[in-house]
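# Understanding the architecture of this molecule
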Amino acid sequence: MDMSEDDIAEKKYRSMLPGPLGVLDTWISKAEAFILASGVILMAINTVANVIGRFAFGESLHFSEEVNRMLIVLVTFAGIGYAARHGRHIRMSAIYDALPTGGRRALMIFISLFTALVMFVLCYYSVGYIDTIMGRGRSLPSTGIPAWWMYVWVPVGFAVTGIQYVMTAYTNMISKDVYLSTHVVDGYKDTETEV
């Protein structure tokens, strides 16, 4: 299987931030990639084991649903930071595409800063939500794990994503090009179609 240029760039990601921030950003990128890959693999193994247990032995794994719920939360909120880092977020760009480069850059700075603000506000409220769940003392019925542990990745994911958008805004402020993330330049690639 051939890897696309984007896949190769993601695999060799190195932060463009100076000094210790660049090292930290690169480490976070590698941790996100590991979390996403291992989370998806663990969900698949858990689900297959549950199906085998149900049909081969007549018994489901009683903890399977809870484990998959925890992994879905983990993958979702680690994934939003990963998508922001690699410019893979969904965009509606009809007006944006019609603007000249300077207008696109200004709009991207505004979009990035506004999105970062939203992410930080959601981070704040998710910490409050976790605090509420902790106060109730609930635990998951099958595993006995405190329920708030399942949601720890929510504020972490929002915070990392907010930071990524702030860095994208900064990159656009100091650059002549328009960047979708700190290292992904905006533009369309010409692709050949087969007839």
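Here is what the cut-offs are and how they apply
- Residues numbered from 1 in each chain as written.
- Predicted model: local features only at pLDDT ≥ 70, side-chain atom pairs only at ≥ 80, totals over all residues.
- Heavy atoms only, no water.
- Helix = DSSP H or I, 4+ residues; strand = E, 2+ residues; numbered from the N terminus.
- Buried < 20%, exposed > 50% of the residue type's maximum accessible area, 1.4 Å probe, protein only.
- Contact = heavy atoms within 4.5 Å.
- Areas by Shrake-Rupley, 256 points an atom, 1.4 Å probe, with all protein chains shown as cover.
- UniProt positions renumbered as here; feature names shortened; annotations may be inferred.
- Patch = residues over 30% accessible without salt bridge, like charges linked within 9 Å, V, L, I, M, F, W, Y side chains within 5 Å.
- Salt bridge = Lys/Arg side-chain N within 4 Å of Asp/Glu carboxyl O.
- Phe/Tyr/Trp six-rings, centres within 6.5 Å; stacked < 30°, edge-to-face > 60°.
- Lys NZ or Arg CZ within 6 Å of the ring centre and 35° of its normal.
- Expected span 1.5 Å × (residues − 1).
- 1 Å grid on protein atoms, 1.4 Å probe; cavity = no way out; pocket = protein on both sides within 12 Å on 5 of 7 lines; lining within 4 Å.
- Points joined across faces, edges and corners; volume = space filled by probe spheres on them.
- Nonpolar A, V, L, I, M, F, W, Y, C, P; charged D, E, K, R; others polar.

## Some points on the overall build of the chain
Along the backbone of the chain there are 6 helices and 0 strands. Beginning at the N terminus, the succession of helices and strands in the chain can be written as α-α-α-α-α-α. Evaluated residue by residue, the chain yields a buried proportion of 37% over its 195 residues. When contacts within the chain are restricted to residue pairs at least 6 apart in sequence, those whose partners lie at least 24 apart make up 69%. Carbon and sulfur atoms make up 68% of the accessible area of the chain, which amounts to about 12600 Å² in all.

## A word on the side chain of Thr 26
Residue position: Thr 26 is located in helix H2 (residues 19–57). Here Thr 26 is in contact with Tyr 13, Arg 14 and Ser 15, once residues within four sequence places are set aside.

## What to know about the UniProt feature "transmembrane region" (unreviewed entry) in the chain
Within the UniProt annotation, "transmembrane region" (unreviewed entry) is assigned to residues 34–57, 69–85, 106–127 and 147–167. Secondary structure content for residues 106–127 is 100% helix and 0% strand, while the C-alpha to C-alpha distance between its ends is 32 Å.

## Points about a nonpolar patch on the surface
Side chains of Phe 110, Ile 111, Phe 114, Leu 117, Val 118, Val 121, Leu 122, Tyr 124 and Tyr 125 sit close together on the surface and give an oily, nonpolar patch of about 910 Å² of accessible area. On the secondary structure map, Leu 122 appears in helix H5 (residues 101–136).

## Remarks on the side chain of Arg 104
For Arg 104, the position within the fold is in helix H5. Overall, the relative accessible area of 18% leaves Arg 104 in the buried class. Ignoring any residue separated from it by four or fewer positions in sequence, one finds Arg 104 in contact with Tyr 96, Asp 97, Leu 99, Val 178 and Asp 186.

## Brief notes about the packing of aromatic side chains
In this structure the tally under the stated criterion is 5 aromatic pairs. Between Phe 110 and Phe 114, the aromatic rings sit 6.1 Å apart at their centres with planes inclined by 20°, giving stacked as the arrangement. Placement of the pair is Phe 110 and Phe 114 together in helix H5, with a separation of 4 residues, close to one helical turn. Relative to Trp 149, the ring of Trp 148 has its centre 5.1 Å away and its plane inclined at 35°; by these criteria the two rings are tilted. The ring centre of Tyr 96 lies 6.0 Å from the NZ or CZ of Arg 104, which sits over that ring.

## Brief notes about H2
For H2, with 39 residues, the first-to-last C-alpha span of 56 Å sits near the 57 Å given by 1.5 Å per residue. Listing the buried residues of H2 in full gives Gly 22, Asp 25, Thr 26, Ser 29, Glu 32, Ile 35, Leu 36, Gly 39, Met 43, Asn 46, Asn 50 and Gly 53. Where H2 is buried, its residues touch helix H3 (64–85) and helix H6 (153–174). Phi turns positive, to about 75°, at Gly 58, one or two residues after H2.

## Some words on the layout of surface pockets
In this model, the second largest pocket occupies a volume close to 240 Å³. His 89, Ile 90, Arg 91, Met 92, Ser 93, Ile 95, Tyr 96, Leu 107, Met 108, Ile 111, Thr 115 and Tyr 165 are the residues that line the second largest pocket. At the level of secondary structure, the elements contributing two or more residues to the lining of the second largest pocket comprise helix H4 (94–98) and H5. Here the lining of the second largest pocket gets 4 residues from one element, more than from any other, and that element is H5. Among the residues making up the lining of the second largest pocket, the classes are represented as 8 nonpolar, 3 polar and 1 charged.

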